[in-house]
4 protein chains.
Amino acid sequence: MSEDKAKRIFNKMMEKDRFSHWMGISPVLLEEGHCVIQMTVKEKMLNGFEILHGGVAYAFADSAFAFASNSFGRIAVSIQGSMNFEKSSVLGETLFAEAKAIRVNHKTANFDVEIYNQNKEVYYRFRGTVYRKSDSVLEN
Amino acid sequence: MSEDKAKRIFNKMMEKDRFSHWMGISPVLLEEGHCVIQMTVKEKMLNGFEILHGGVAYAFADSAFAFASNSFGRIAVSIQGSMNFEKSSVLGETLFAEAKAIRVNHKTANFDVEIYNQNKEVYYRFRGTVYRKSDSVLEN
Amino acid sequence: MSEDKAKRIFNKMMEKDRFSHWMGISPVLLEEGHCVIQMTVKEKMLNGFEILHGGVAYAFADSAFAFASNSFGRIAVSIQGSMNFEKSSVLGETLFAEAKAIRVNHKTANFDVEIYNQNKEVYYRFRGTVYRKSDSVLEN
Amino acid sequence: MSEDKAKRIFNKMMEKDRFSHWMGISPVLLEEGHCVIQMTVKEKMLNGFEILHGGVAYAFADSAFAFASNSFGRIAVSIQGSMNFEKSSVLGETLFAEAKAIRVNHKTANFDVEIYNQNKEVYYRFRGTVYRKSDSVLEN
């Protein structure tokens, strides 16, 4: 049930999310407060050092963060995010971003996102906070 | 002199930086430890809420951070970055990212980046740390 | 007027703030959304490397953050804080913590705090976010 | 073996760590890259809202971070730390700070610290980065 709702919310958000489409994100797991998405590192995502641009890595985490934090049904707006860069990703790698709620209060919530490869080796670690509005994702 | 070097480093980094090209970044000011770049928010950068995807905002800050932190001549690798989201940006806005060194040590350095509009109204605030390698940007 | 209010709020908060008393904090400037406090590094604040314990430096910033964020009159609760350690402080140094509002929204607000010495040399840089309750500081 | 070394390092660091003594920290587990310490919230640690001063919570995490990051034998210096405040702690509670290495590179390393109560309920979450010197903890 809450899984169904998480999927409907993902579909509604994703429909118009042009940048997530550009990244080529696809869903692996969608639950309330928890999601896994995947993408493959493409040529257009690289920086001048031939590695994944740090901002695209952040954007991938930020999309997982957005899907998980809106999955409860209320619109969640990112107010702060922080990322640790542990290992660089290169062309052709498939990456997974897994977002988990670590604390959900009435008006704010915190999430952790790990970006890892097929062997669960972590490349980037994200932690962020959202402000939770009263408005419904599905009715807006 | 250090301005010339900052420009040569920017050109070398930018040449192959496919994602910064995709964003349509152009330089406004390039000095040692300090840079301003600009871009205009395009349709393809939006998320499902019709605002600039948080990850693209981060990527814009991250590019400014990279140009400023490499401007001293040694390769600088981002190890941590944090962003505060204060105001959402929408289609068609021109934004500026200004990166400034706030502390440069032998092996690590800290930078602040502000993203603001033509009226210097701040939308996003970034703070990050790089690890400074011994290798030269221009000779690699 | 708002300065008077900021002082009354500081006095009310400080009255029972046992840890700020322990640190020996005194006010230098108290305004709405802005404050400067000072303290001197004492023997009991040191860690095993003969420098100011990082947690006491954070606590000093956090007190400035609390006074500035509550100075508007509504109770403000810290939800996230981040600190960059740039220079270690040693026994006998007098430090100043200056907190400034960088964004005040209805329910959340962001502040920067710099800790510096008499020559305005920055040792520690803090950035944090509060959640703003409806309750009044002075009536609670 | 590495456990013995971790204990010797803890003892050497703790011997002169006046602020950790003030907090009343005691060790629960000491291993290479991993430690658990405990303390009880005392009157002198409270702020004006009758809760544990955020800075003392941070200091408790920071001490665990320091013991874990120095446990490999090389002096580790905190360069950045970030804390999420999820639940306030009150007088008399016993808290545990568990620090774990999440990435150890040659010159920098990242750690997570969770502060929880006897029921493993998390109150504060810390993430930080150290710079790793070449100098030995035990020989300095």
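Residues numbered from 1 in each chain as written. Chains lettered and ligands numbered in written order. Predicted model: local features only at pLDDT ≥ 70, side-chain atom pairs only at ≥ 80, totals over all residues.

### As for the overall build of chain A
Then, number 1: Assigned secondary structure in chain A consists of three helices and six strands.
Then, number 2: Of the regular secondary structure in chain A, the N- to C-terminal order runs α-α-β-β-α-β-β-β-β.
Then, number 3: Its C-alpha atoms give chain A a radius of gyration of 14 Å, near enough to 14 Å, the size a compact globule of 140 residues would have.
Then, number 4: For chain A, the spread of C-alpha atoms along the three principal axes comes to 45 × 25 × 25 Å.
Then, number 5: The burial tally for chain A puts 51% of its 140 residues in the buried class.
Then, number 6: The long-range share in chain A, meaning contacts at least 24 apart out of those at least 6 apart in sequence, stands at 69%. (Helix = DSSP H or I, 4+ residues; strand = E, 2+ residues; numbered from the N terminus. Rg over C-alpha atoms; globule rule 2.2 N^0.38 Å. Buried ≥ 20, exposed ≤ 12 C-beta atoms within 10 Å, placed from the backbone. Contact = placed C-beta atoms within 7 Å.)

### Points about the interface of chain D and chain C
Interface extent is often summarised as the accessible area lost during association of the parts.
Then, number 1: If you look at the interface, chain D gives 31 residues, while chain C gives 31 residues.
Then, number 2: Mapped onto the side of chain D that touches chain C, the elements with two or more residues apiece are α1 (2-15), α2 (18-23), α3 (54-70) and β3 (74-85) of chain D.
Then, number 3: Here the side of chain D that touches chain C gets eight residues from one element, more than from any other, and that element is β3(D).
Then, number 4: Looking at the side of chain D that touches chain C residue by residue, the classes come out as 12 nonpolar, 12 polar and seven charged.
Then, number 5: Examined bridge by bridge, strand β3 (residues 74-85) of chain C and β3(D) share five bridges and lie antiparallel to one another. Paired with C:Gln80 across the strands is D:Asn84, a residue of β3(D). (Nonpolar A, V, L, I, M, F, W, Y, C, P; charged D, E, K, R; others polar. Pairing = 2+ DSSP bridges.)

### Focus: the relation of the copies chain D and chain C
Then, number 1: With an axial shift of 0.0 Å and an RMSD of 0.0 Å, the rotation relating chain D to chain C amounts to 180 degrees. Considering both components of the superposition, the chain copies are consistent with a two-fold axis. No C-alpha of chain D approaches the rotation axis more nearly than that of D:Ser82, which lies at 2.0 Å. (Least-squares fit on C-alpha atoms with pLDDT ≥ 70 in both.)

### A closer look at the interface of chain A and chain D
Then, number 1: Between chain A and chain D, the residue contacts involve eight residues of the former and eight residues of the latter.
Then, number 2: At the level of secondary structure, the elements contributing two or more residues to the side of chain A that touches chain D comprise β3 (74-85), β4 (94-104) and β6 (122-136) of chain A.
Then, number 3: Here the side of chain A that touches chain D is built from residues that sort into one nonpolar, three polar and four charged.

### Considerations on the sheet that holds β3(A)
Then, number 1: Judged by pairing direction, the sheet is antiparallel, and its 12 strands sit side by side in the order β1(A)-β2(A)-β4(A)-β5(A)-β6(A)-β3(A)-β3(B)-β6(B)-β5(B)-β4(B)-β2(B)-β1(B) without closing on themselves. Where the open sheet ends on each side, the last strands, each with one partner, are β1 (26-31) of chain A together with β1 (26-31) of chain B. Across the sheet, the axes of successive neighbouring strands diverge by a mean angle of 20 degrees, strand direction being ignored. (Axes fitted to C-alpha atoms, helices over the stretch in contact; angles between N-to-C directions.)

### Some details on the sheet that holds β3(D)
Then, number 1: The strand order β1(C)-β2(C)-β4(C)-β5(C)-β6(C)-β3(C)-β3(D)-β6(D)-β5(D)-β4(D)-β2(D)-β1(D) describes an open sheet built from 12 strands, whose pairing is antiparallel. One side of each edge strand has no neighbouring strand; the edge strands of this open sheet are β1 (26-31) of chain C together with β1 (26-31) of chain D. Averaged over all pairs of adjacent strands, the angle between their axes in this sheet comes to 20 degrees, without regard to strand direction.
Then, number 2: Pairing of strand β2 (residues 34-40) of chain D with strand β4 (residues 94-104) of chain D, which is carried by seven bridges, proceeds in the antiparallel orientation.

### Some thoughts on the confidence of the model for chain A
Then, number 1: Summarising the model, chain A shows a mean pLDDT of 96, and 99% of its residues fall at 70 or more.
Then, number 2: Reported confidence for the predicted complex is 0.96 by ipTM and 0.96 by pTM. (pLDDT = per-residue confidence, 0-100.)

### A look at the relation of the copies chain A and chain D
Then, number 1: Each copy of the sequence occupies a distinct position, and chain A is placed on chain D by a rotation of 180 degrees and an axial shift of 0.0 Å, giving an RMSD of 0.0 Å.
Then, number 2: Counting the interface residues of chain A, we find that 100% of their copies in chain D are interface residues as well, pointing to one common contact surface.

### Observations regarding the nonpolar core
Then, number 1: One finds C:Phe60, C:Ala61, C:Ala64 and D:Ala61 to be the most contacted residues of the largest nonpolar core, which totals 89 residues.
Then, number 2: Those residues in contact with C:Phe60, other than ones at most four positions away along the chain, are C:Met23, C:Met39, C:Leu95, C:Ala97 and C:Ile115. (Core = buried A, V, L, I, M, F, W, Y, C linked by C-beta atoms within 7 Å.)

### Notes on the packing of helix α1 (residues 2-15) of chain A against helix α3 (residues 54-70) of chain A
All names here are of chain A.
Then, number 1: The N-to-C vectors of α1 and α3 enclose an angle of 135 degrees; their axes lie 9 Å apart at closest approach. Classified by the interaxial angle, the pair formed by α1 and α3 is oblique. The two elements α1 and α3 cross, and the hand of that crossing is right-handed. Contact residues: Ile 9, Phe 10 and Met 13 in α1; Ala 66, Phe 67 and Asn 70 in α3.
Then, number 2: Here the contact of α1 with α3 is composed, by residue class, of five nonpolar, one polar and no charged. (Parallel < 35°, antiparallel > 145°, perpendicular 65-115°, else oblique. Left-handed = near helix turned anticlockwise from the far one by under 90°.)

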